[in-house]
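Residues per chain are reported as follows:
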Amino acid sequence: MKQQTAQTKTKRGTPDFQLLILTLLLVGFGLVMVFSSSSSIAIASERFNNDPLFFTKKQLMWALIGVVGMFFAMNIRFNKYKKLYAPFFLFTTVMLLLVLITGKVLNGARSWIHIFGFSVQPAEFAKIAIILYLAALITKKGERFRDLKTGYFPVLIIVGFVAGLIMLQPDFGTCFILVSTCGLVIYAGGASMKHIMGSILLVVLGGALAFGANALFSSMSSPDDATSTVTEAKTNYKIGRIQAFLNPLSDPTDGSLNLYRSLVAIGDGGITGSGVGQGTIKLHYLPNAYNDFIFSVIGEELGFLGSTLFLLVYLYFIWRGIIVSLRCPDPFGTLVGIGIMGLIAIQAFINIGGVTQTIPVTGVTLPFISYGGTSLFVMMVAMGIVLSISRTNNLDVIKEERTTSVTVQTRTSPALRSREAIRRIR
């Protein structure tokens, strides 16, 4: 009996190869699209050394680092993240505080910090840190999580603290993604719907009050005040994005220019597209074509058929990750997996929805596809954690325990109910 227990501890399952291959496939496709959307800009600018591979080389470097990080995370037993979440969360919090002091301002937000010669975005690490923290805290509390004072409220304070640090940068898009992902993890963890709906109401009311106070302050300030000028410019910028969403043709030379050209590019793609590398919207017509608006380039160069195929692969990738998470025998692994795959799905929806006029543009990257080293690295490490969860699922010992043992679950969270349904299907 002791010998069998020792073998069980040392034996490792195989990762989910479908999920692994899909991750690498998306990263490879992203490298191709980064080259296609950035080469014309880079070759025409001395700032980028007139090198058509300027952005592609950087993205490839981060992809290779990400592969190392993914395989490293994949070979750590997922239950060890229960112990690693605390120092990782503390490290991320310190980085979020430092970025407010010494961060680099880009596109109106102080979101970047220099570490060991690299420019990184701490908010990207915060997405994974908060998922691990919430999953560990919720599973530790168990049934007490449904209690408002001792369970739900402490979790809400943690989410609000991290979201507040990101909003101080300010980075509304990342903050919205983080809060939405946390809401998904909290719901999957079995929180009371009354508490969740109350939180949503408070967030909406708080956002409305903050926006109204900001507009009121701008109108009451002196026109010669430099601070009021900057505040008014930020307010007008946010209002301009909403107006561009409601009517992209209202002012195609100013606030709605990017969205207007994005829609034109997708429309020009037609059924089959112009071909990879043959698009024209990226030729200095659409800023950040290799970043926030990379799906516009995909739509123009691959057309409706290519874009649909890409979206189907992306959806299957997310679905596969959710299935892997629900099969995990540990509630902690289930919540972490659902949080990570939910994060990818939410961020992808916000990016694609913004460039297709489904929702207002918020300026976030398309996971695994857009140019952005920190985002790519963090997403690949996150997938390493999900693959680590899949290795536990594929243990023969675990499979035998599933079929022979009978366990009475006292919690009735959506994640646990779905997990039990998956087991019955299998």
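Whatever comes next refers back to the structure up there.
Note that the structure is predicted; figures quoted are calculated from it, not measured.

Cut-offs used in this document
- Residues numbered from 1 in each chain as written.
- Predicted model: local features only at pLDDT ≥ 70, side-chain atom pairs only at ≥ 80, totals over all residues.
- Heavy atoms only, no water.
- Salt bridge = Lys/Arg side-chain N within 4 Å of Asp/Glu carboxyl O.
- Buried < 20%, exposed > 50% of the residue type's maximum accessible area, 1.4 Å probe, protein only.
- Helix = DSSP H or I, 4+ residues; strand = E, 2+ residues; numbered from the N terminus.
- Lys, Arg positive; Asp, Glu negative; His and termini not counted.
- Polar contact = N/O pair within 3.5 Å; in protein donor to acceptor, adjacent residues only side chain to side chain.

> Tell me what's going on with the pattern of salt bridges, and back it up with residues and numbers.
Under the counting rule described, the total for this entry stands at 4 salt bridges. Its salt-bridge partner being Lys 57, residue Asp 51 comes within 3.0 Å of it at the nearest N-O pair. Residue class for Asp 51 comes out buried when judged on its relative accessible area of 17%. Overall, Lys 57 belongs to the partly exposed group, its relative accessible area being 49%. For Asp 330, the salt bridge identified is with Lys 82, shortest N-O distance 3.1 Å. Remark: Lys 82 occurs in helix α4 (residues 81-102) and Asp 330 occurs in the loop between α11 (294-326) and α12 (331-355); sequence separation between them is 248 residues. Residue classification places Asp 330 among the buried residues on the basis of a relative accessible area of 18%. The partly exposed category is assigned to Lys 82, whose relative accessible area is 32%.

> Got a sec to walk through the side chain of Arg 391? Specific residues and values, please.
By secondary structure assignment, the location of Arg 391 is in helix α13 (residues 373-393). Although buried, Arg 391 forms no salt bridge, and the nearest oppositely charged side chain, Asp 16, lies 12 Å from it. Within the local environment of Arg 391, its side chain forms a polar contact with the side chain of Asn 75, the two groups lying 2.8 Å apart.

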